[in-house]
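# What the coordinates show
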Amino acid sequence: MEKRILSGMKPSGELNIGGYGGALSQFVAMQEKADCYFFIPDLHAVTVWQDPRELRERSMEIAALYLAAGIDPKRSAVFFQSQVPAHAELGWLMETQTAVGELGRMTQYKEKADGRESVSSALFTYPAYMAADILLYQATHVPVGDDQKQHLELARNLAVRFNSRFKKNLFTIPEPIIAGIGSRIMGLDDPSKKMSKSNPNRSSSILLMDEPDDIRRKFAKAVTDSEGVVRCDWDRKPGISSLLEIYSVFSGMTIGDIESRYQGVGYGSFKEDLAEAVIAKLEPLQRSYREIAGSEELDRVLKDGALRAAEAAAATLKAVKEAMGFVV
Ligand code: ATP
Ligand code: LTN
C-alpha cells in the first residue's frame with residue numbers, strides 16, 4: 001500500500017524548537033517517500049481564545065515556515081483546515097460515535113482545562129475532530145510529538161469503530177510516527193512541562209524566529225541540575241536530558257557522542273555549543289522564511305493545496321455519508 005502522510009501544527013502561537021523537533025523536521029524528511037498532506041489546523045487553534053488579527057498572522061507565518069523548513073509544495077499539499085469544509089463535516093460525524101468518557105480521559109484536555117474557570121466545549125470534543133483530519137485523507141502515517149500519542153490512539157479506535165459499525169475498510173487505520181529523538185522537548189524554565197507555544201513565558205521556549213543573542217541568553221539560563229555531568233537520565237536529570245535531545249536534533253550527533261564530547265566539561269560550555277548548533281540551523285530557515293512570507297507564490301501554494309485536499313477529502317466524506325445512511 002502506498003504511504004500517505006498527514007500532520008499539522010496549530011497557529012496557536014509562535015513556533016518553537018519543540019514543534020520543530022517533534023514534528024516539522026520529520027515532515028521534511030518524510031516527503032520523499034510518501035504522498036503528503038501538511039495542513040495548518042486553524043479550526044483547532046480557536047478551541048482556546050485567539051485574537052483574530054493574530055490568528056490570521058500566525059496562520060500565514062506557519063504556512064511560510066513549512067516551506068522555509070523545506071516542505072516542497074510540488075510534492076506535498078499545504079493548506080488551511082478552515083478552507084476545506086469536509087474537516088468540520090466529518091468531525092461532526094466522528095463526534096456522534098465518540099463517547100464522552102473517552103474524551104474526558106484525554107490528558108491534553110485535562111491540562112488545558114486545569115485552572116480555567118470556563119473552557120469551550122470545542123476544547124473537549126476536539127480529539128474527535130483531529131481524528132477526522134487524519135481519516136479524511138486515509139492517512140497511513142502521522143508524524144507527531146509524544147504528547148499526541150493518546151489522540152492518535154483515539155483516531156485509530158474511531159477508524160476501527162466506523163469500519164465495524166458501518167462498512168468494512170471505510171477508513172485506513174493510521175500509525176503514529178514518533179521520533180526517537182526530539183519527540184519531547186521540555187520547557188527551558190521547567191523541564192517537567194513540554195515546551196509549548198501557548199506558554200506566555202517567552203524565555204521558556206526557543207522560537208524558530210529568535211535572534212542569535214536571544215537563543216544564547218535563553219540556553220544560558222535554562223534550568224538544569226547541580227550534578228554538573230552531561231548525561232541523559234530523564235528521571236533524575238530532565239533538564240539536561242531535554243537539552244541533549246535538542247543538541248542531537250540540531251547537530252545530527254547521537255546522544256552518546258554528545259555525552260562523550262562533554263565528559264569532564266561543565267554545563268556552561270555545553271550550553272554555549274548547543275546554542276551555536278541551534279543558531280546554525282535556524283539562520284538559513286529564517287532567511288528563507290523572509291523570502292517566502294507575504295509572497296504571491298505562498299498564496300498560490302495555499303490555494304492549490306486547498307483544492308488538492310478538498311478533492312481527496314470529498315471522496316472519503318461521500319463514502320462515509322453513504323455508509324451511515326445519508327441520502328447523498
Ligand atoms: P499548544 O501549546 O498551543 O497546544 P503545541 O505547540 O503543543 O501548541 P502544535 O504546534 O499544534 O501544538 O504541535 C504540533 C506538533 O508538534 C505536534 O505533533 C506536537 O506533538 C509537536 N510538539 C509540540 N511541542 C512539542 C515539544 N515540546 N516536543 C516535541 N514535540 C512537540
Ligand atoms: N492536535 C495536534 C494538532 C493537530 C494534528 C492533527 C496533528 C490537529 N490535527 C492531525 C496531526 C494530525 C496538537 O495539538 N499539536
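### Details of the site of ligand 2
Around ligand 2, the structure places 15 residues, and the nearest of them are K10, Y126, M130, D133 and Q148. One of the side-chain N or O atoms of K10 is found 2.6 Å from an oxygen atom in ligand 2. In the environment of ligand 2, a nitrogen atom lies 2.7 Å from a nitrogen or oxygen atom belonging to the side chain of D133. Those elements that provide at least two residues to the shell around ligand 2 are β1 (4-8) and α7 (121-136). Here the shell around ligand 2 takes four residues from α7, the largest share from any one element. When grouped by side-chain class, the residues that make up the shell around ligand 2 number eight nonpolar, five polar and two charged.

### Overview of the site of ligand 1
In the vicinity of ligand 1 lie 22 residues, with K112, D147, K194, S196 and S198 positioned nearest. In this structure, an oxygen atom belonging to ligand 1 sits 2.9 Å away from a main-chain N or O atom of K10. Out of a free accessible area of 600 Å², ligand 1 has 97% covered by protein chains. For the shell around ligand 1, the element with the highest residue contribution is helix α1 (residues 17-30), accounting for four residues. Taken together, the residues of the shell around ligand 1 sort by class into five nonpolar, eleven polar and six charged.

### A word on helix α13 (residues 296-324)
In an α-helix, one full turn covers 3.6 residues, which means residues spaced three or four apart are oriented alike. Taking 1.5 Å of rise per residue, 29 residues should cover 42 Å, and α13 covers 41 Å from first to last C-alpha, within 8% of that figure. Taken together, the buried positions of α13 are L298, V301, L302, G305, A306, A309, A312, A313, T316, L317 and V320. G325, located one to two residues past α13, shows a positive phi value of around 105 degrees.

### Here's the deal with the packing of helix α10 (residues 238-251) against helix α12 (residues 267-292)
At a minimum axis separation of 9 Å, α10 and α12 run at an interaxial angle of 35 degrees. Judged by the sense of rotation from one axis to the other, the crossing of α10 with α12 is left-handed. From α10, I240, L243, L244, I246, Y247, V249 and F250 reach across to α12, where they touch Y267, F270, K271, D273, L274, A277, V278, K281 and L282. For the contact of α10 with α12, the class distribution of residues is 13 nonpolar, no polar and three charged.

### Details of the pairing of strand β2 (residues 35-40)
Counting buried residues in β2 gives five out of six residues, a clear majority hidden from the surface. On the question of chirality, the crossover connecting β1 to the parallel β2 by way of α1 is right-handed.

### Brief notes about the pairing of strand β3 (residues 76-80)
Taking burial as the measure, the five residues of β3 include five buried ones, the bulk of the element. Side-chain alternation along β3 places S76, V78 and F80 on one buried face and A77 and F79 on a second face that is also buried. Inspection of the sheet shows β2 paired to β3 by five bridges, in the parallel sense. Bridging from a neighbouring strand, I40 pairs with F80 of β3.

Rules used in this analysis
Residues numbered from 1 in each chain as written. Chains lettered and ligands numbered in written order. Predicted model: local features only at pLDDT ≥ 70, side-chain atom pairs only at ≥ 80, totals over all residues. Heavy atoms only, no water. Near = heavy atom within 4 Å. Polar contact = N/O pair within 3.5 Å; in protein donor to acceptor, adjacent residues only side chain to side chain. Helix = DSSP H or I, 4+ residues; strand = E, 2+ residues; numbered from the N terminus. Nonpolar A, V, L, I, M, F, W, Y, C, P; charged D, E, K, R; others polar. Areas by Shrake-Rupley, 256 points an atom, 1.4 Å probe, with all protein chains shown as cover. Expected span 1.5 Å × (residues − 1). Buried < 20%, exposed > 50% of the residue type's maximum accessible area, 1.4 Å probe, protein only. Axes fitted to C-alpha atoms, helices over the stretch in contact; angles between N-to-C directions. Left-handed = near helix turned anticlockwise from the far one by under 90°. Contact = heavy atoms within 4.5 Å. Right-handed = clockwise from strand over helix to strand, strands pointing away. Pairing = 2+ DSSP bridges.

Keep in mind these values describe shape, not function.
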